[in-house]
Every structure is written in structure tokens, then in C-alpha cells.
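Structure assessment
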Amino acid sequence: MESSVTHNYRSELTDSVGRSRAIVVVSDVTAAVVRRFFPGSAGKVTVIPPGVDDSFRQPPPDSTRLPQLPEKFYLSVGSTGPRKNFPSLAPHLAAARIPWVIVGPPGEDEIPLRAACTAHGVALIRLPGVDDARLNGLYRRAVALLSASHPGMASAAKTKNV
């Protein structure tokens, strides 16, 4: 049985997929989903993975270290506005007992975020902003990069071995 979200997306995309000369996606998984839901599009689908800036290939200089951070931490980047839906992640992080670092300015969901972390015993570390070199270092050190969204919007988490 098809979920209502899948049904709505398929309904909305059918015309666009049919008119498209090419469909570019970021992963083989997404390509397989497009091909499954739109079999006639198989020849139009091309996978182009996201690029990585050369700065991520270089080890960060010692000056970029942030010694106050624990050895292991989850990382999120962005303001704590409602579209990020960060408070929804707190219950899922509770069992891991790994601190959560959020880089970015406080937003409208800052108070609900802090309340959710307190309620679920999640150690929250806020960094209002860091320069690109330090952010690169944080990406390298994080156990996982976390992103949340409201239902029907994209979400992702890239996890390394814990």
C-alpha cells in the first residue's frame, strides 16, 4: 500500500517527469526510486553526486581546533528556526549519550530545542558561528552530521563509525 506522502509526490511529479528531457539526482538510491515510480523515465535519469570542496581534502591547521569540545559529538549546522525542526531530533539522540553541537545563530526554535534536550538528557553545545576552517574541522571530527525536517521535506544524516 502506498503512503499518502508518496501518492502526493507521485501525483505532483508525474507531469514534470513526463515533460523533462533529463532528470538529475544526487545518488543511485534516488535514481532507483525515480525509476521505480516512473518506469518511463529510466533513460532520462543521470546521477551526479554532490561535489566536495578541496578544502575538505586538506587537514585543518592546528589553529582550527576547538579544544572545549568532547571527543565524540553529533553536529548540525544552521539556525534553530522552525524549518530545521531540530527539537524533533532530541528524543532520538537520548540513548546514544553523545553531545550534540549546533553551529549557527539562535532562531525561533531555540527555546523548544533547549527544552527538548533537557527533557531527554541530551547535552547541547551551541556555537553561534565559526569560520570556514573551524567548520571544516568540525565536519571532520563529528560522529554524524544531523539534519531534521518536517514530514514531507527532505532529511539526511551522514554517519561514521561510532
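Structure: see above.
These notes cover the structure that comes with them. Given the structure is predicted, the values throughout are model-derived calculations rather than measurements.

Now for the overall build of the chain. Assigned secondary structure in the chain consists of 5 helices and 7 strands. Burial statistics for the chain: of 162 residues in total, 33% are counted as buried.

Residue position: D109 is located in the loop between β4 (100-103) and α4 (110-120). The buried charged residue D109 lacks any salt bridge, with R83 as its nearest oppositely charged partner at 9.9 Å. Setting aside chain neighbours within four positions, we find D109 in contact with T80, G81, P82 and P87.

This paragraph deals with the pairing of strand β3 (residues 74-77). For β3 and β4, the ladder comprises 4 bridges, and the chain directions are parallel. Residue pairing across strands places S76 opposite I102, the latter belonging to β4.

Attention now goes to unusual backbone geometry. The backbone of N85 sits at a positive phi, close to 55°, despite the residue not being glycine. Checked against the element boundaries, N85 lands in the loop between β3 and α3 (90-93). The class for N85 is buried, based on a relative accessible area of 14%. In the Ramachandran plot, R97 falls in the positive-phi region, its phi being about 55° despite a non-glycine side chain. Tracing the backbone through its elements, the reader meets R97 in the loop between α3 and β4.

Glancing now at the environment of T14. Considering the arrangement of structural elements, one finds T14 in helix α1 (residues 4-19). A relative accessible area of 39% places T14 in the partly exposed class. Sequence separation between T14 and F37 is 23 residues; the distance between their C-alpha atoms is 9.2 Å.

So, on to helix α2 (residues 28-37). Of the positions making up α2, those classed as buried are A31, V34 and F37. End-on, the buried residues of α2 take up no more than an arc of 140°, which puts them together on one face. Opposite its buried face, α2 presents the exposed residues D28, V29 and R36, each directed more than 90 degrees away.

The description of two aromatic rings rests on the distance between their centres and on the angle between their planes. Counted under the stated rule, the structure contains 1 aromatic pair. Here F86 and W100 contribute two aromatic rings whose centre-to-centre distance is 5.9 Å and whose plane-to-plane angle is 85°, an arrangement assigned as edge-to-face. Of this pair, F86 sits in the loop between β3 and α3 while W100 sits in strand β4, placing them 14 residues apart in sequence. The exposure classification of F86 matches that of W100, with both residues buried.

This next bit is on the pattern of salt bridges. A side chain with one charge may pair with a side chain of the opposite charge, provided their charged atoms come close. Enumeration according to the criterion identifies 3 salt bridges in this entry. The partner of E110 in a salt bridge is R126, with the nearest N and O atoms 3.0 Å apart. Placement of E110 in helix α4 and of R126 in strand β5 (residues 124-127) is noted, with a sequence separation of 16 residues between them. For E110, a relative accessible area of 10% translates into the label buried. Assessed through its relative accessible area of 15%, R126 is described here as buried. Ionic pairing is found between D131 and R134, a salt bridge with its closest N-O pair at 2.9 Å. Taking the relative accessible area as the measure of exposure, R134 reaches 28% and is therefore partly exposed. Counted as one network, the salt bridges with shared partners bring together E110, R114 and R126.

Conventions adopted
Residues numbered from 1 in each chain as written. Predicted model: local features only at pLDDT ≥ 70, side-chain atom pairs only at ≥ 80, totals over all residues. Heavy atoms only, no water. Helix = DSSP H or I, 4+ residues; strand = E, 2+ residues; numbered from the N terminus. Buried < 20%, exposed > 50% of the residue type's maximum accessible area, 1.4 Å probe, protein only. Lys, Arg positive; Asp, Glu negative; His and termini not counted. Salt bridge = Lys/Arg side-chain N within 4 Å of Asp/Glu carboxyl O. Contact = heavy atoms within 4.5 Å. Pairing = 2+ DSSP bridges. Arc of directions from axis to C-beta. Phe/Tyr/Trp six-rings, centres within 6.5 Å; stacked < 30°, edge-to-face > 60°.

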